[in-house]
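# Architecture and fold: a report
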Amino acid sequence: MRFPLSMTAGLAGYIAKNKWRPRPEWQVDRSAHVDSSNPFRIIASGTRSRKPHPMINKRFPLVLMLEPLHACNLTCTGCGRIREYESTITQQLSLEQCLAAVEECGAPIVSICGGEPMLYAKLPELVRELVARNKTIYLCTNGMFIRKKLKDYSPAEKFFFNVHLDGMEKNHDIAVEKEGVFREAVEGIKAAKAAGFKVCTNTTIYRETDMAEIGELFEYLKPFDVDGHLVAPAYGYSAVNDREIFMTRDDVHEKFQAFDAIAAKHRVNTTPVYLDFLKGERDLPCTAWGNPTYNVKGWKGPCYLITDAHYKTFEELMTRTDWEAYGYGNDPRCEHCLMHCGYEPSAALGINSRFSDGFRMLSWMLG
Ligand code: SF4
Ligand code: SF4
């Protein structure tokens, strides 16, 4: 089974409850107030040029991206975080700030990222607190400290180490600009699995990625009984300088055509609906509010990738962002974005769903 039943049922219940009774304070329509404030907006004859968003008036968070710090032991080529937050790289959230953000947002899934979160001294305590709150936790790490710090953690049903691997040894080490990272990450995966932890991997697909190598990577990891693989295309947002490595929308569609054969053979945790979207076989709107980001500067709006503002409270992020102004066709900065932070929630929320989706999701979850 791909996920614990308690996790699947809990998530389905949370989504159903929020779709049925959305919190009115999060449904403010900002478009009337800020039409001219975003210089990137595409406005046809002074009016909106598109249909209302299918989730308008049903906004709620699904996954909190919690960044306790942006410091990292690596300098990966495609990383926007260490570049965008260079001026605050030595700052950290306190444990209390992290927990307050978790409470304020209420999302059932917390993805702890950064920077390298295993550099955060209070991380073991944070994980323990999140387990106690029954959250599903993805600890996103480059894997360099797993072996050294494993003793500080205890296995739990909904706690996953999510280890970043962008290819086999040679290409992964080139992407992270340091030799030996792949080997240490794999040793970390083995040690965590041997100690009873859940471990998944997270792979970013770049223009240069050979999809056959991703299949080879998953095959290589098979003997270690990894609990699943997440994949997503890289996106060249403004914080990253090296635009050569990023793909256009058409590039992504072409690249992911080859992924079905890999997904059929391995435990891929990316939802089938999102994979359809990556292949260009389905349209999804951006639901960036489903995946909010909190860090040392506050609540980052509108999304993990674009920063138009940082807000002090989650309420402000939800009510002061003109959500309908973003996404493909609305903002040129979103033109080639197919990132999971904008579109995986749309898949999970069942937007633009088809009759067969329920069955596909069920067989995928039980797969
Ligand atoms: S390990 Fe993660 S946070 Fe660190 S530089 Fe690489 S992508 Fe950025
Ligand atoms: S389309 Fe991508 S870049 Fe644009 S708001 Fe959504 S997640 Fe952010």
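Now for a quick tour of the structure. This one's a predicted model, so the numbers in the text were calculated from it and none came from an experiment.

### Quick notes on the site of ligand 1
Ligand 1 sits among C72, L74, T75, C76, C79, I82, G115 and N142. Of the residues assigned to the shell around ligand 1, the class counts are five nonpolar, three polar and no charged.

### Regarding the site of ligand 2
With respect to spatial proximity, the complete set of residues near ligand 2 consists of C286, C303, L305, I306, Y326, G327, C334, C337, G342 and Y343. Tallied by class, the residues present in the shell around ligand 2 amount to eight nonpolar, two polar and no charged.

### Examining the sheet that holds strand β3 (residues 136-141)
Strand pairing in a sheet relies on backbone hydrogen bonds, with the paired strands running either antiparallel or parallel. With mixed pairing, nine strands are arranged side by side in an open sheet as β6-β5-β4-β3-β2-β1-β7-β8-β9. A single partner strand is all that each edge strand has here, and the edge strands are β6 (229-233) and β9 (307-311). Each strand of the sheet is rotated relative to its neighbour by a mean of 25°, with strand direction disregarded. Both strand β4 (residues 159-164) and strand β5 (residues 198-205) contribute to a ladder of five bridges, which runs parallel. Across the sheet, residue V163 finds its bridge partner in β5, namely T201. This element, helix α10 (residues 249-257), spans β5 and β6 of the sheet and lies at about 150° to β6.

### Looking at the pattern of salt bridges
Applying the stated criterion to the full structure yields 19 salt bridges. In this structure, the salt-bridge partner of K193 is D227, at a minimum N-O distance of 2.8 Å. Linking K193 in helix α8 (residues 181-194) with D227 in the loop between α9 (211-221) and β6, this pair joins segments that are 34 residues apart in sequence. When salt bridges with common partners are traced through the structure, they connect D260, D276, K279, E281 and R282 into a single cluster.

### Things to note about the environment of I262
By the secondary structure assignment, I262 is in helix α11 (residues 259-265). The contacts of I262, once residues within four sequence positions are left out, are M211, I214, G215 and F218.

### Looking at the pairing of strand β8 (residues 298-302)
Within β8, five of the five residues are buried, leaving the element largely enclosed by the surrounding structure. Here strand β7 (residues 293-295) runs beside β8; their pairing, made up of three bridges, is antiparallel. Within the sheet, the bridge partner assigned to Y294 lies in β8 and is W299. Between β7 and β8, which pair antiparallel one after the other, the connecting turn spans two residues. Strand direction decides the pairing type here: β8 and β9, joined by four bridges, are antiparallel. Bridge pairing in β9 places K300 opposite H310. Adjacent in sequence and paired antiparallel, β8 and β9 are bridged by four residues.

### Some words on α9
Residues lying three or four places apart along an α-helix face the same way, a consequence of the helix completing one turn every 3.6 residues. Looking at α9, one finds that the buried residues are M211, E213, I214, G215, L217, F218 and L221. Of the surrounding elements, those touching the buried residues of α9 are α7 (169-175), α8, β5, β6, α10 and α11. Its side-chain oxygen placed 3.0 Å from the backbone nitrogen of A212, D210 serves as the N-cap of α9.

### A word on the environment of L123
Along the polypeptide, L123 turns up in helix α5 (residues 123-132). Judged by relative accessible area, L123 falls into the buried class, the value being 0%. In sequence terms L123 and I112 are eleven residues apart; their C-alpha atoms lie 9.2 Å from each other. Excluding anything up to four places from it in sequence, L123 contacts I112, P117, M118, L139 and Y153.

Cut-offs used in this document
Residues numbered from 1 in each chain as written. Chains lettered and ligands numbered in written order. Predicted model: local features only at pLDDT ≥ 70, side-chain atom pairs only at ≥ 80, totals over all residues. Heavy atoms only, no water. Near = heavy atom within 4 Å. Nonpolar A, V, L, I, M, F, W, Y, C, P; charged D, E, K, R; others polar. Pairing = 2+ DSSP bridges. Helix = DSSP H or I, 4+ residues; strand = E, 2+ residues; numbered from the N terminus. Axes fitted to C-alpha atoms, helices over the stretch in contact; angles between N-to-C directions. Contact = heavy atoms within 4.5 Å. Salt bridge = Lys/Arg side-chain N within 4 Å of Asp/Glu carboxyl O. Buried < 20%, exposed > 50% of the residue type's maximum accessible area, 1.4 Å probe, protein only. Polar contact = N/O pair within 3.5 Å; in protein donor to acceptor, adjacent residues only side chain to side chain.

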